[in-house]
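# Secondary and tertiary structure notes
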Amino acid sequence: SISCVNHCGQEFNGQNLCNCKTKCQEDNNCCPDYHIQCEESLSRVSDSEIQAVSEALYSLDSNRASDSELIIDPQVLISNSETSAKKDLSPHPLFRYVSEASLFSKPTYAAFITLLDNYDRKTGVAESFSPAEVQEQENFLKQTIQNTELGRELYTFLYNKGYYTSWEEFLFDLKMMWFGLYSRSNDKLDSSGFEHVFAAPFIHKYAAQGEIKNGKVSGFHNWVRFYLMEKQELLNYYSHSFDGPWLSYPDVLGMQFMWDGYYKQIGSAIIGSSPEFDLAVYTLCYITRPSKKCLLSLGGKQLSIQTYTWDKTNYGNGKKYIASAYPVTPN
């Protein structure tokens with residue numbers, strides 16, 4: 001290939017006559033259309049356009065929790081220098097009240113919750129999806145993206161910017177980037193963007209001479225999942241180190257908690273948002289600002305989202321799976 005069409009960021013191989021990775025400029029082997037195809041595509045959406053569409057998504061989040069449907073009790077606020085102390089400073093759960101009857105009966109929440117039992121939380125254990133579970137993934141994307149004004153607003157924006165040419169293309173790409181499996185451990189297809197961000201915390205284990213010296217909770221940035229695990233007493237909320245400026249939902253918290261004997265030093269989540277809102281803003285940022293900080297505006301207040309691409313494997317024409325996405329809590 002001597003073109004970067006559909007090859008931006010792809011690993012260089014000897015069969016290609018030129019290169020489409022960022023490093024090609026250093027190596028002096030970029031394809032002739034590298035600048036137009038790869039660099040300009042990153043800049044085809046301005047920061048102000050991202051902020052404008054994020055305000056639109058924020059205003060269209062009709063399924064967000066109201067103050068009567070969700071009451072949280074953040075309790076103790078600590079400084080960033082204290083987050084490594086592993087002290088349980090909050091005697092009560094974070095979630096004081098959630099109106100499951102009104103919130104979880106909404107089609108988007110119901111479709112989201114149905115997905116949560118489809119994952120094995122251990123890395124190195126291969127995931128496999130039954131036909132019914134694949135159907136649940138497709139239903140989740142249909143309910144959250146196709147069937148909501150918020151989801152249609154996101155599609156229209158990305159369509160107008162030339163990222164997609166049809167609904168079918170967009171939904172297929174969403175399914176791949178969020179639910180496509182890749183290996184974090186032992187060459188087993190054990191993880192996906194959805195599992196990492198929404199469904200299950202997993203443990204990074206640093207082994208030395210066969211001994212586990214350290215363990216770290218990774219991923220896990222969704223309030224509904226947090227609430228359900230806290231309700232089952234699988235998770236113990238310790239404190240928070242950041243509380244966003246929003247006075248209604250969605251808000252953002254940076255939290256400390258213990259899960260299954262492992263400590264999360266700062267777990268950030270958008271609180272009180274609908275599943276479709278989280279999916280939409282993370283997708284917006286992943287597509288327009290992959291592996292970069294992405295500045296949103298929500299109700300006139302700023303929020304940064306950090307995304308990461310999974311760089312070891314890809315799908316389609318060199319497209320990348322989602323490795324992570326989460327709200328940034330300021331240091």
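Here the residue numbers are simple positions, counted from 1 along each chain's written sequence. Reporting of local features is limited, given that this is a predicted model, to residues whose pLDDT is at least 70; pairs of side-chain atoms are given and counted only at 80 or more, and all residues count toward the totals for whole chains, interfaces and linings. For side-chain calculations, the full set of non-hydrogen atoms in the structure is used, while hydrogens and water are omitted.

By the naming in an unreviewed UniProt entry, the chain is Uridylate-specific endoribonuclease, taken from Electrophorus voltai.

With an omega of 0°, the peptide bond running from Y249 to P250 counts as cis. Within the fold, P250 resides in the loop between β5 (235–243) and β6 (251–259). Even without being a glycine, N28 presents a positive backbone phi close to 60°. By definition, any uninterrupted DSSP run of H or I lasting at least four residues is a helix, any uninterrupted run of E lasting at least two residues is a strand, and each is numbered from the N terminus. Structurally, N28 is set in the loop between α1 (24–27) and α2 (34–42). The buried label applies to any residue whose accessible area, calculated with a 1.4 Å probe on protein chains only, is under 20% of its type's maximum; exposed applies above 50%, and partly exposed to all values in between. When its relative accessible area of 70% is taken as the criterion, N28 is described as exposed. Phi at E233 is positive, roughly 60°, even though this residue is not glycine. You can see E233 is positioned in the loop between α10 (223–231) and β5.

Multiplying 1.5 Å by the residue count of a helix minus one yields the expected span of that helix. Compared with the 22 Å implied by 1.5 Å per residue over 16 residues, the 21 Å span of helix α6 (residues 131–146) between its first and last C-alpha is a close match. By definition, residues are in contact when any of their heavy atoms lie within 4.5 Å. Buried residues along α6 sit against α5 (107–115), α7 (149–160), α8 (167–179), α9 (193–199) and α11 (275–288).

Here we come to the pattern of salt bridges. The salt bridge definition used is simple: a Lys or Arg side-chain nitrogen within 4 Å of an Asp or Glu carboxyl oxygen. Within this structure, the stated rule accounts for seven salt bridges. Close ionic contact of K175 with E138 constitutes a salt bridge, the shortest N to O distance being 2.6 Å. Linking K175 in helix α8 with E138 in helix α6, this pair joins segments that are 37 residues apart in sequence. Here K175 falls in the partly exposed class, since its relative accessible area comes to 22%.

In this section: the sheet that holds β5. The strands that make up a sheet are held in pairs by hydrogen bonds between backbone atoms, and each pair lies either parallel or antiparallel. Two strands are counted as paired when DSSP detects at least two bridges linking them. The sheet built from three strands is open, its strands ordered β5-β6-β7 with antiparallel pairing. The sheet is open, and its two borders are formed by β5 and β7 (262–271), each paired with just one other strand. Across this sheet, the average inter-strand angle for adjacent strands is 30°, counted without regard to direction. Strand direction decides the pairing type here: β5 and β6, joined by seven bridges, are antiparallel. Within the sheet, the bridge partner assigned to S239 lies in β6 and is Q256. Here, axes are lines fitted to C-alpha atoms. For helices the fit covers the stretch in contact, and angles between N-to-C directions go from 0 to 180 degrees.

Next up on the list: the sheet that holds strand β10 (residues 319–327). The strand order across the open sheet built from three strands is β8-β9-β10, with neighbouring strands paired in antiparallel fashion. If you trace the sheet from one side to the other, it starts and ends with β8 (293–298) and β10, each paired once. With direction set aside, neighbouring strand axes in the sheet form an average angle of 35°. Each of β8 and β9 (301–315) touches helix α3 (residues 47–59); the most contacted strand, β8, lies at about 50° to it. Strand contacts of α8: β9 and β10, with the helix running at about 70° to β10, the strand carrying the most contacts.

A pair of sulfur atoms, both from cysteines and within 2.5 Å, is called a disulfide here. Per the counting criterion, the structure on display carries four disulfides. A disulfide bridge connects C18 with C31, and the sulfur atoms are separated by 1.9 Å. Across the S-S bond of C18 and C31 the torsion is about 90°, and the bridge reads as right-handed. Placement of the pair is C18 in the segment before α1 and C31 in the loop between α1 and α2, with a sequence separation of 13 residues. C31 gets classed as buried once you look at its relative accessible area, which sits at 4%.

Before going further, it helps to spend a moment on the pairing of β9. Across six bridges, β8 lies against β9 in antiparallel orientation. Looking across to β9, one finds that C294 is bridged to I305. Hairpin connection, β8 to β9: the antiparallel pair is bridged by two residues, and G299 has positive phi, about 60°. Bridge count between β9 and β10: eight bridges; the pairing is antiparallel. Bridge pairing in β10 places Q306 opposite Y326. Remark: three residues form the turn of the hairpin made by β9 and β10, two consecutive strands paired antiparallel; G316 in that turn has positive phi of roughly 55°.

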